Protein chains: 2
Amino acid sequence: MTDFEFENILKNDIRKVDNSLLSYLPDAKDGQYQVAEAMKYSLINGGKRIRPVLALEFARACGGTRNDCLPLACALEYVHTYSLIHDDLPCMDNDDLRRGKPSCHKQFDEATALLAGDALLTHAFEIISEAELSDDKKVIAVSLLAQNSGVSGMIGGQVIDLLFEQGSPNLKELLTVYKLKTGALISAACLLGCISAGADSSQMAAASKFAYSLGIAFQIQDDILDITGDEKKLGKPVGSDATNSKKTYATIAGLTKAQQDVKKLTDNAISQLDAFEDTEFIKLLALKLVNRDR
Amino acid sequence: MTDFEFENILKNDIRKVDNSLLSYLPDAKDGQYQVAEAMKYSLINGGKRIRPVLALEFARACGGTRNDCLPLACALEYVHTYSLIHDDLPCMDNDDLRRGKPSCHKQFDEATALLAGDALLTHAFEIISEAELSDDKKVIAVSLLAQNSGVSGMIGGQVIDLLFEQGSPNLKELLTVYKLKTGALISAACLLGCISAGADSSQMAAASKFAYSLGIAFQIQDDILDITGDEKKLGKPVGSDATNSKKTYATIAGLTKAQQDVKKLTDNAISQLDAFEDTEFIKLLALKLVNRDR
């Protein structure tokens, strides 16, 4: 696959998701308008759409269609978007900016941002329940999404992360946070793609392993870029982890080991792809995500 | 049905719910302990369990069993509990107390309360997806719960309510808030009871009408008690709506019309019960809820 072909598929997938994301928003009447605007504002705030793209492509790699998977892909982006809105709130990370634009509670207000996040989470499950898929697939999708975004998954990672801000986590503890906070929802993405296409359990297991390895590698690469990155390319200052005395995988393990581990995790992720057909795009996507310089 | 028999059934239903609520909590590891504690703290904070009791009793009134409905009943209480936690946060109602005890963010902290709420909402859907019910029932239950607790339901009501705090709503607008903020989740409760028992569409329609009438009557009764109530019985000061210049149904329409409308709505609710079998308990529960003096 050429770089041109890769970019074409990626653009196509992202366009597919972007075109559908807003169509799932609930109708808002007079008084509800502001929270619907806040949901929309955060949904279209130019994310990389990694999770929905992975879902669509795993559906294809399991012999299914992207269209069948589209509602599940959008539900994943709703959950990801809610998590960013709540993460940015003053009681959490207190971030005024999200991708260079005012974060949701800055653009609107805290109450609106809180409720917009709650609503996005709620509607993610509504989207799944109303997808054109068989009931058994929908039930498994609801279960997997809830498990991976709840206390045993993403929320669990956020909770432990908050705790570590006051303490001094070791490498193993940091890996747990990366696994839960980032890996779990990426795992849900790959798994929901599989589910929509009726994948077998060995494919599900491989998809989950791929996702966790990729998610953790992605987070460690984030840490590496905070040391080695180019501020102009990243669009944000480097060295902020060191300035904030924030323990990261790269600061604890050292740059060399961090880079070695990214490579190991990526190799491990890619080796899981043997369980699927036609995975050239997914492989390139994984490599680009972990080898990125921005 | 004697008062003694009524109280026995009610106690039995509440015990059934209380005994199961915590069993659905996800396992928490080291770092996640605090958020799991916060979920538990808020779940067992002595609510009236109106929603789960209605679910169980509508299941029975449709010829089903309370056991089949129990997971759905607990999921409803998870959603209700999350909504109270988020409602109490400083950016919303900023309430330090909930039923005489510190609200979740006071007992723990804001970040923990935010995440505990998010987790309760998430796990409500997980509980449904893992219930021992057929897949088609579970899909309808997820859809109904999401619709009624999202922007078109409970969250929509909270949004409009926030707006009215700055403005001067008329009677029709207030009714919309009561319908969405309280009626929608009570409607979900009655409907989930029906679903678990395989009710037909005419029973579903009657259950929903019952729920909305009851929910609105319940809210108007709240307004009335703020004027006529006995502080000792209520356990909170009366006249707070007037002190805060808060527009309520009773202050806008006047006490007499408010009382008449509670009666009308209650009669309307009870008339819907003809669609079901053996509804003596539900009828008495409705009457007690709207005729309460505390």
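Residue numbers restart at each chain and count upward from 1, following the sequence in its written direction. Chain labels run from A onward and ligand labels from 1 onward, assigned in the order the entries are written. For this predicted model, a pLDDT threshold of at least 70 governs which residues receive local features, and a threshold of 80 or more governs which side-chain atom pairs are given and counted, while totals over whole chains, interfaces and linings are taken from all residues. As a rule here, side-chain values come from all non-hydrogen atoms in the structure, and water together with hydrogens is ignored.

S.K.: Which residues make up the overall build of chain A, and what values go with them?
M.R.: Each helix and strand counted, chain A has 15 helices and two strands in total. In terms of its C-alpha atoms, chain A occupies a principal-axis envelope of roughly 50 × 50 × 35 Å. In this scheme, a residue with accessible area under 20% of its type's maximum is buried, one over 50% is exposed, and one in between is partly exposed, where area comes from a 1.4 Å probe on protein chains only. Going through the 294 residues of chain A one by one, you find that 58% of them count as buried. In this analysis, two residues are considered to be in contact whenever any of their non-hydrogen atoms come within 4.5 Å of each other. Residue pairs at least 24 apart in sequence account for 73% of intrachain contacts in chain A once pairs closer than 6 positions are excluded. The method behind every accessible area is Shrake-Rupley, applied with a 1.4 Å probe, and residues are considered shielded solely by the protein chains displayed. On chain A, roughly 12200 Å² of surface is accessible, and the fraction owed to carbon and sulfur atoms is 47%. Averaged over its 32 positive side-chain charges, chain A has a centre that lies 4 Å from the centre of its 41 negative ones. A run of DSSP states H or I qualifies as a helix once it reaches four residues; a run of E qualifies as a strand once it reaches two. Both are numbered from the N-terminal end. In this count, Lys and Arg are taken as positive residues and Asp and Glu as negative ones, while His and the chain termini are left out. A charge is said to be at NZ when it belongs to Lys, at CZ for Arg, at CG for Asp and at CD for Glu.

S.K.: Account for empty space enclosed by the protein, naming residues and giving values.
M.R.: All names here are of chain A. Here a cavity is any set of points on a 1 Å grid over the protein atoms alone where a 1.4 Å probe fits but cannot get out, and a pocket is any open set with protein on both sides within 12 Å along at least 5 of 7 lines; a residue lines the site when it has an atom within 4 Å of a point. Grid points are joined across faces, edges and corners, and a volume is the space filled by probe spheres set on the points. Summed over all chains, the structure comprises six cavities of 30 Å³ or more. What the largest cavity holds in volume is close to 110 Å³. Partitioned by chemical class, the residues of the lining of the largest cavity number four nonpolar, six polar and five charged. Of the volumes computed, that of the second largest cavity is approximately 80 Å³. What lines the second largest cavity is simply Tyr41, Ser42, Asn45, Thr81, Leu84, Ile85, Asp88, Arg98, Arg99, Pro102, Ser103 and Cys104. Looking at the lining of the second largest cavity, the elements that each hand over two or more residues are helix 2 (33–43) and helix 4 (66–88). The dominant element in the lining of the second largest cavity, judged by the number of residues it contributes, is helix 4, at four residues. Throughout, the ten residues Ala, Val, Leu, Ile, Met, Phe, Trp, Tyr, Cys and Pro are labelled nonpolar, Asp, Glu, Lys and Arg are labelled charged, and all others, Gly among them, are labelled polar. Split by residue class, the lining of the second largest cavity holds five nonpolar, four polar and three charged.

S.K.: How would you sum up a negative patch on the surface? Please name residues and give values.
M.R.: Residue and element names in this part refer to chain A. Candidate patch residues must exceed 30% relative accessible area and have no salt bridge, after which like charges are joined if within 9 Å and Val, Leu, Ile, Met, Phe, Trp or Tyr side chains if within 5 Å. By definition here, a salt bridge exists when the distance from a side-chain nitrogen of Lys or Arg to a carboxyl oxygen of Asp or Glu is within 4 Å. A surface patch of negative charge is lined by Asp93, Asp95, Asp96 and Glu165. If you trace the backbone, Asp95 turns up in the loop between helix 4 and strand 1 (97–98). When its relative accessible area of 31% is taken as the criterion, Asp95 is described as partly exposed.

S.K.: Can you explain helix 6 (residues 110–129) of chain A? Please cite residues and give values.
M.R.: Working note: α-helix, 3.6 residues per turn, so residues spaced by three or four point in the same direction. Residue and element names in this part refer to chain A. Expected helix span is taken as 1.5 Å per residue step, with the number of steps being one fewer than the number of residues. Its 20 residues give helix 6 an end-to-end C-alpha distance of 29 Å, which sits within 8% of 28 Å, the value for a rise of 1.5 Å per residue. Most of helix 6 is tucked away: 19 of the 20 residues are buried. In the analysis that follows, any N or O atom pair within 3.5 Å is treated as a polar contact, provided that within protein one partner can donate a hydrogen and the other can accept it, and provided that, for residues neighboring in sequence, both atoms belong to side chains. The distance from a side-chain oxygen at the start of helix 6 to the backbone nitrogen of Ala111 is 3.2 Å, and the residue carrying that oxygen is Asp109.

S.K.: So, the interface of chain B and chain A: which residues are in play, and what are the values?
M.R.: Taken residue by residue, the interface counts 44 residues in chain B and 44 residues in chain A. Applying the counting rule to chain B against chain A returns zero salt bridges. Viewed at the interface, chain A and chain B are joined by eight residue pairs in polar contact (both at pLDDT 80 or more). The greatest single-element share of the side of chain B that touches chain A, amounting to twelve residues, is contributed by helix 6 (residues 110–129) of chain B. For the side of chain B that touches chain A, a count of residues per class yields 23 nonpolar, 13 polar and eight charged.

S.K.: A description of the relation of the copies chain B and chain A should follow, citing residues and the corresponding values.
M.R.: Superposing the copies works by least squares over the C-alpha atoms of residues that have pLDDT at least 70 in both of them. Once chain B is rotated about the relating axis by 180 degrees and shifted along it by 0.0 Å, it coincides with chain A to within an RMSD of 0.0 Å. A rotation of that kind, with that shift, is consistent with a two-fold axis. Measuring from the rotation axis to each C-alpha of chain B, the shortest distance belongs to Asp135(B), at 2.8 Å. Of the residues that chain B buries at the interface, 100% are likewise interface residues in chain A, meaning the two copies contact each other through the same surface.

S.K.: Tell me what's going on with the confidence of the model for chain A, and back it up with residues and numbers.
M.R.: Confidence scores per residue from the predictor, reported as pLDDT, run from 0 to 100. Put simply, chain A has an average pLDDT of 93, and 99% of its residues get 70 or more. Predicted complex, confidence summary: ipTM 0.95, pTM 0.96.

S.K.: For the packing of aromatic side chains, give the residues involved together with the corresponding values.
M.R.: Residues and elements named next belong to chain A. When the centres of two rings from Phe, Tyr and Trp lie within 6.5 Å, Trp using its six-membered ring, the rings pair. Their planes under 30 degrees apart give stacked, over 60 give edge-to-face, and anything left gives tilted. A complete count under the given rule lists nine aromatic pairs over all chains for this structure. Measuring from ring centre to ring centre gives 5.6 Å for Tyr41 and Phe108, while their planes differ by 80 degrees; the resulting arrangement is edge-to-face. Here Phe108 lies in the loop between helix 5 (104–107) and helix 6 and Tyr41 lies in helix 2, a separation of 67 residues in the sequence. The class of Tyr41 is buried, set by a relative accessible area of 13%.

S.K.: Outline helix 2 (residues 33–43) of chain B, listing residues and values.
M.R.: All of the buried residues in helix 2 of chain B are Val35(B), Ala36(B), Ala38(B), Met39(B), Tyr41(B), Ser42(B) and Leu43(B). In this fold, the buried residues of helix 2 of chain B make contact with helix 8 (154–166) of chain A together with helix 1 (3–21), helix 4 (66–88), strand 2 (101–102), helix 5 (104–107) and helix 6 of chain B.

S.K.: Could you give me a rundown of the nonpolar core, with the residues and numbers involved?
M.R.: To form a nonpolar core, buried Ala, Val, Leu, Ile, Met, Phe, Trp, Tyr and Cys residues must be joined to one another through side-chain atoms within 4.5 Å. Within the largest apolar cluster, 198 residues are counted, with the highest numbers of intra-cluster contacts made by Leu54(A), Phe58(A), Phe210(A), Leu54(B), Phe58(B) and Phe210(B). For Leu54(A), the residues in contact, after removing those within four places along its chain, are Ile186(A), Ala189(A), Cys190(A), Phe210(A), Leu214(A) and Leu285(A).

S.K.: So what about the side chain of Arg66(A)? Which residues, and what values?
M.R.: Residue and element names in this part refer to chain A. Relative to the helices and strands, Arg66 resides in helix 4. A polar contact of 2.4 Å, which involves the side chain of Arg66, links it to the side chain of Asp13. Setting aside residues no more than four positions away along its own chain, Arg66 makes contact with Asn12, Asp13, Lys16, Leu56, Glu57 and Arg60.

S.K.: Run through the pattern of salt bridges, naming residues and quoting values.
M.R.: This structure, assessed with the given rule, holds 22 salt bridges over all chains. The residue Asp18(A) makes a salt bridge to Arg49(A) at a minimum N-O spacing of 2.7 Å. With Asp18(A) in helix 1 (residues 3–21) and Arg49(A) in the loop between helix 2 and helix 3 (50–61), this pair connects stretches of sequence that are 31 residues apart. We note a salt bridge from Glu77(B) to Arg49(B), for which the minimum N-O separation is 2.8 Å.

S.K.: Please give an account of unusual backbone geometry that cites residues and values.
M.R.: Despite not being glycine, Asn94(A) shows a phi value in the positive range, around 50 degrees. Relative to the elements of secondary structure, Asn94(A) occurs in the loop between helix 4 and strand 1. According to the relative accessible area criterion, Asn94(A) is partly exposed, its value standing at 45%. Despite not being glycine, Arg49(B) has its phi angle at roughly 55 degrees, a positive value.

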